[in-house]
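Survey of secondary and tertiary structure
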Amino acid sequence: MFAPHRREKATLTLFIVKAMSSAPFDFAPLLPAGLPPPAARWNGRVKFDFTGGNNDPDRLPLDGLIAAADAVLRREGHTLSTYGLNSGPQGYRALRDFLVAKLKADAGIACAADDILITSGSLQAIDLVNGALLARGDTVVIEQDCYQGSINRLSRLGVTPVGIPLDGDGMRVDALAAVLDDLKRKGVRPKYIYTIPTVQNPTGTILPVERRREMLRLSAAHGVPVFEDDCYCDLVWSGKRPPALYAMSERGGVIHIGSFSKSIAPALRVGFIVAPWDVMSRMLALKTDAGSGALEQMVLAEYCTANFFKHVPMLRQGLRAKLETLMESLTEHFGPAAEFDDPKGGIFLWVKLPDGVDALKLYQSALAAGVAINPGPEWSVNKSHARSRLRLCFASPSHEEINQGVAALADICRREFGVPAPSTNIDHAR
Ligand SMILES: Cc1ncc(COP(=O)(O)O)c(C=O)c1O
């Protein structure tokens, strides 16, 4: 048997130590159970991107934001030396004051600055509401087709979402009544009714006042609060939104969240919660990040106080024009194979393709060809209902990209699923 000499032994040891130190550190054994699957690396944006809640780059009020940043920093930039800008843990006071005025003016909400908590995007608001109310095994009621970010959070928390079907006027309150009765019979008290009542994601519907009233009546009768996610409320084409559920509630059983992502810019990461103190104080105790980004709050307060109500109609006008392009393009390239309702506002079109189309497969093939779409099943708790549906965001691509992207998508869909039919063209326009 070969026995290494002392010098050979030393060389071998050095080799092993070197090999060990050059091997990448293995984190795998340290990861706790229950982590979500690893995230994919970002490979850059694709050529035709119809995904995400991105905004229109051409309607970003850049000059106004630059001027606002300059003014607010010169005037009170020294407050950046304190956590919370001398405004306390609920966020920059001037931004909350703007929201008090804005919510009163358009949503009919009468609240004080201390009823508002500024968050890092409304995603953090959703996390805080969930953190305060939900435990593994709970049940919540949500719109059947719904925001993926909310659906994913529920599954990660081990909470069961019961989906309520929608029609052209948003959540069907007759179905809501039936579900609440059924859950009651089973001894289940859902923790909340989650709704995006004003320009629903993904359907673009608006819940009329009568349905809001009925939802609040059911909420009170069953002792289930309403969780109102109003992040698209500024993007109603007509400019006139119904009063918020929070404003209509007489018993304080509504938690309202909103965002500046859709009205100004998503990268700023500024959202907010309006809630009664009983539950606000529990959410505030869970917000342990020492405050959301201060500069964004300062710039937004400065810009919005003077300009918000001038900016938003211009943004809506640009978005509406892009929606027209998208609907025309779908009609041109898909003909009757693409069914959709003209949404009442927002940045998404919810499209139904023929039953044979598997949207998840279409998503994969389209992505490989440089066209990104959101497949319906990821935006619904009823996977079979959403199997042949797509969500298309029209805010971020240019008009030209919308046209070219839809043409490319139609080609891929035809190749994979035989629809739209080869002859489908402008003459089939609806
Ligand atoms: C319904 C809904 N809620 C919340 C969010 C989160 O938005 P943000 O965290 O940017 O405010 C989105 C984003 O698309 C959304 O569609």
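Residues numbered from 1 in each chain as written. Predicted model: local features only at pLDDT ≥ 70, side-chain atom pairs only at ≥ 80, totals over all residues. Heavy atoms only, no water.

1. Quick notes on the layout of surface pockets
For the largest pocket, the calculated volume is near 740 Å³. In this structure, the largest pocket is lined by 37 residues; those nearest its centre are Thr51, Gly52, Gly53, Gln148 and Asn374. When residues of the lining of the largest pocket are traced back to their parent elements, those giving at least two are α4 (121-133), α5 (148-157), α11 (359-368) and β13 (374-375). For the lining of the largest pocket, the element with the most residues is α4, which contributes 4 residues. Tallied by class, the residues present in the lining of the largest pocket amount to 17 nonpolar, 13 polar and 7 charged. Quantified by volume, the second largest pocket comes out at close to 440 Å³. What lines the second largest pocket is a set of 13 residues, among which Pro37, Pro38, Ala39, Ala40 and Arg156 lie closest to the centre. When its residues are assigned to classes, the lining of the second largest pocket shows 6 nonpolar, 5 polar and 2 charged. (1 Å grid on protein atoms, 1.4 Å probe; cavity = no way out; pocket = protein on both sides within 12 Å on 5 of 7 lines; lining within 4 Å. Points joined across faces, edges and corners; volume = space filled by probe spheres on them. Helix = DSSP H or I, 4+ residues; strand = E, 2+ residues; numbered from the N terminus. Nonpolar A, V, L, I, M, F, W, Y, C, P; charged D, E, K, R; others polar.)

2. What about the site of the ligand?
Lining the immediate environment of the ligand, one finds 15 residues, of which Asp229, Tyr232, Ser259, Ser261 and Arg269 sit closest. A distance of 2.6 Å is found between an oxygen atom of the ligand and a side-chain nitrogen or oxygen belonging to Ser261. Within the complex, the protein chains bury 95% of what would otherwise be the 400 Å² of accessible surface of the ligand. In this structure, the ligand is accommodated by the largest pocket. By residue number, the principal contributor to the shell around the ligand is α4, which donates 4 residues. Considered class by class, the residues forming the shell around the ligand number 7 nonpolar, 5 polar and 3 charged. (Near = heavy atom within 4 Å. Polar contact = N/O pair within 3.5 Å; in protein donor to acceptor, adjacent residues only side chain to side chain. Areas by Shrake-Rupley, 256 points an atom, 1.4 Å probe, with all protein chains shown as cover. Sits in = over half its atoms within 2 Å of the grid points.)

Shape is all these values report; function is a separate question.
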